[in-house]
Amino acid sequence: MSNHKYNIGSYEKRLQNFDWSISKQELSYKDGDNINIAWYCTDRICNMGKAKKTALIWEGLTGEEKRYTYNDIRLASNTIGTFLKGLNIKPEDRVCLFMDKIPELYLGFLGILKIGAIAQPLFSAFGDESLLIRLENAGTKAIITQKKHVSKVRKIIDRLPALKHIIIVDYDGKKPLQEREVSFSLETSTPVDKFDTYPTKAESPSVIHYTSGTTGQPKGVKHVHYSLISQYLTAKWTLDLQDDDIYWCTADPGWVTGTSYGIIAPWSLGVTQCVMDVGFSAEKWYEFIQKHRITKWYSAPTAIRSLMKAGDELVKKYDLSSLVHLTSVGEPLNSEAVIWSERVFGKPFYDTFWQTETGSIMIANYPGMKVKPGSMGKAFPGITATVVDPETFEPYKEPGKIGLIAFKPGWPSMMRTYWNNEETYKNKFKNGWYLSGDRSSIDNEGYFWFVGRDDDVINTAGHLVSPFEVESALLEHPAVAESAVVSKPDEVNMEVVKAFITLKPGYKPSADLELDIMNFIRKKLSPLAMPQAVEYVDSLPKTRSGKIMRRVLHAKEWGQDIGDISTLEND
Ligand code: WT7
């Protein structure tokens, strides 16, 4: 489709006199007005004459399909909102979404926002301990879940006095409901047509997403309804979402990509989107694109590398000619993947960079712009992005130097705080810059080249893992004396989690012990954080003050120079 006209037009022109008022005008929003994301995603699109347009095409595990028009999602969010209000859920109460990628997850998100409550999406594969930490921190009042996940909630409710309601969306009446449980079925509820959306303002909280740092518990990133201004325009210009598109965002709304660009952006733009509630399989993915004639596709490097592994021959079995523009996020997109995609799909994947904290795309390769494979691209118009010296926090003046990625605060979708953790939030700012925690250089044409994280956080298959959390889980096992967790290279996932363990006296390494330790920590960790490799050692490298030096183990795993180890304790 060589004559395709991209929304962004010329990136260079968009940079001139950029103002977020472009987005506000398109959304007919004026400063001080009410702004409710869920209303923008449903009622407004219906008011624009698109009530009968398909909003969601959903496909489940066994191939069953459900379709929802914009009027359907308007009614469904009204109905869920009304039900929540009936349970006495008030504005700013936290309501957790703990479901697979079923329609109720997407519609529940809107229902929660419509009543002014705060949505707290959590990945449904989380175990009970991961769930507990996050529900406790947010003081969550209600959780919406499925039968298959309710046992995890039951295990922890005694420790969650603030959690008043467990809402089950697929209750079949077979076993009696337990304490605090209530059934809600979208299919059997009477649709609510007239509904007063809660008049949230720009700074009213909308979503809390949990993300892992190097130390401490996961942090709840608080976003507000005003984030829409960023999410709308970045999707329009970077993902190139247009009226006749069929869009597929492969991310789960348990993570920020799945809400910012898997709910808010496409629906506020009135686009038709597809969701597939099926785990990864190259065949299924290609089939899905072919069947629904997907035009715009937002995915992630690990998925792309897995497709690469499935081979070129497989691609040829499908008609993927509908694809127009491909984008990627979450971890480094290696140049091989970009070049491969150009060869087999006839289009490169365009890398984008952002974070849970930034709420929307910050750095990207834009349609029509020259892609330098391996580079993350350039700052979105209106975003002041740079790399700063790690000591002085002053931007480097010369190109090519590696420093910390930094953004000038003030874009609409910036996080407003970490929930109950203002201090950690404040520490993210230095010398007037917000620091992402990543290292990069900028070349003489303004392209960013990602180098790595500036902390010990591990990015496995696009998911951030805190080594501290894994170490803490390991230390609770009776056999474990000490542990250090680092990443190790992996062909598909880029990096995986590796644990070094010293054992307490009386314990010897064995396959049985390893299995026992893994089963023990599995209950405490997200499945994504589970170590893929374990090594027993007699001692761990430490500083003279006794701090375990992860960086020494990390360097060994990656075959890098160990660097200055003058402070090392053991030799
Ligand atoms: C971290 C943020 C918001 C998207 C999902 C991840 C890494 C993100 C890229 C990229 C290299 C990337 C960074 C960042 N990251 N995009 N294009 N190239 N690294 O959100 O879980 O908050 O993770 O993911 O390290 O800080 P997140």
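This structure is a prediction, so every number in the text was calculated from the model and none was measured.

**What about the pattern of salt bridges?**
And step 1. In total, this model carries 36 salt bridges according to the counting rule given.
And step 2. Residue R67 pairs with E65 through a salt bridge whose shortest N-O separation is 2.7 Å.
And step 3. Residue E65 is classed as partly exposed on the basis of its relative accessible area of 32%.
And step 4. In this structure, K66 engages E187 in a salt bridge whose closest nitrogen and oxygen atoms are separated by 3.4 Å. Highlighted residues: K66 in strand β2 (residues 65–69) and E187 in the loop between β7 (181–183) and β8 (205–211), separated in sequence by 121 residues.
And step 5. Assessed through its relative accessible area of 63%, E187 is described here as exposed.
And step 6. Residues joined by salt bridges that share partners form a network here, namely E59, E65, R67 and K291.

**Some thoughts on the side chain of K542**
And step 1. Mapped onto the elements of the fold, K542 is located in the loop between β27 (533–536) and α18 (550–557).
And step 2. By relative accessible area, which is 15% here, K542 ends up buried.
And step 3. Of note is the side chain of K542, whose polar atom sits 2.8 Å from the side chain of E482.

**Some thoughts on the site of the ligand**
And step 1. Lining the immediate surroundings of the ligand are 18 residues, of which D351, T352, T356, D438 and R453 lie closest.
And step 2. With respect to the ligand, the side chain of D351 contributes an N or O atom lying 2.9 Å from a nitrogen atom.
And step 3. Here an oxygen atom of the ligand sits 2.9 Å away from a polar atom, N or O, in the side chain of R453.
And step 4. Protein contact buries 95% of the 570 Å² of open area that the ligand shows by itself.
And step 5. Broken down by secondary-structure element, the contributors of at least two residues to the shell around the ligand are α10 (256–268), β14 (349–353) and β22 (448–453).
And step 6. Among the elements that make up the shell around the ligand, the one with the highest residue count is β14 (three residues).
And step 7. Along the lines of polarity and charge, the residues of the shell around the ligand split into eight nonpolar, six polar and four charged.

**Points about the pairing of strand β13 (residues 325–328)**
And step 1. The two faces of β13 match: H325 and T327 on one face and L326 and S328 on the other face are all buried.
And step 2. Relative to β13, strand β12 (residues 296–299) runs parallel, the two being bridged by four bridges. Of the residues in β13, the one forming a bridge with W297 is L326.
And step 3. Note that β13 and β14 share three bridges and pair parallel. Residue S328 lies in a different strand from β14, and its bridge partner there is D351.
And step 4. Handedness of the β-α-β unit built from β13, helix α14 (residues 335–345) and β14 comes out right-handed.

Cut-off values and rules
Residues numbered from 1 in each chain as written. Predicted model: local features only at pLDDT ≥ 70, side-chain atom pairs only at ≥ 80, totals over all residues. Heavy atoms only, no water. Salt bridge = Lys/Arg side-chain N within 4 Å of Asp/Glu carboxyl O. Buried < 20%, exposed > 50% of the residue type's maximum accessible area, 1.4 Å probe, protein only. Helix = DSSP H or I, 4+ residues; strand = E, 2+ residues; numbered from the N terminus. Polar contact = N/O pair within 3.5 Å; in protein donor to acceptor, adjacent residues only side chain to side chain. Near = heavy atom within 4 Å. Areas by Shrake-Rupley, 256 points an atom, 1.4 Å probe, with all protein chains shown as cover. Nonpolar A, V, L, I, M, F, W, Y, C, P; charged D, E, K, R; others polar. Pairing = 2+ DSSP bridges. Right-handed = clockwise from strand over helix to strand, strands pointing away.

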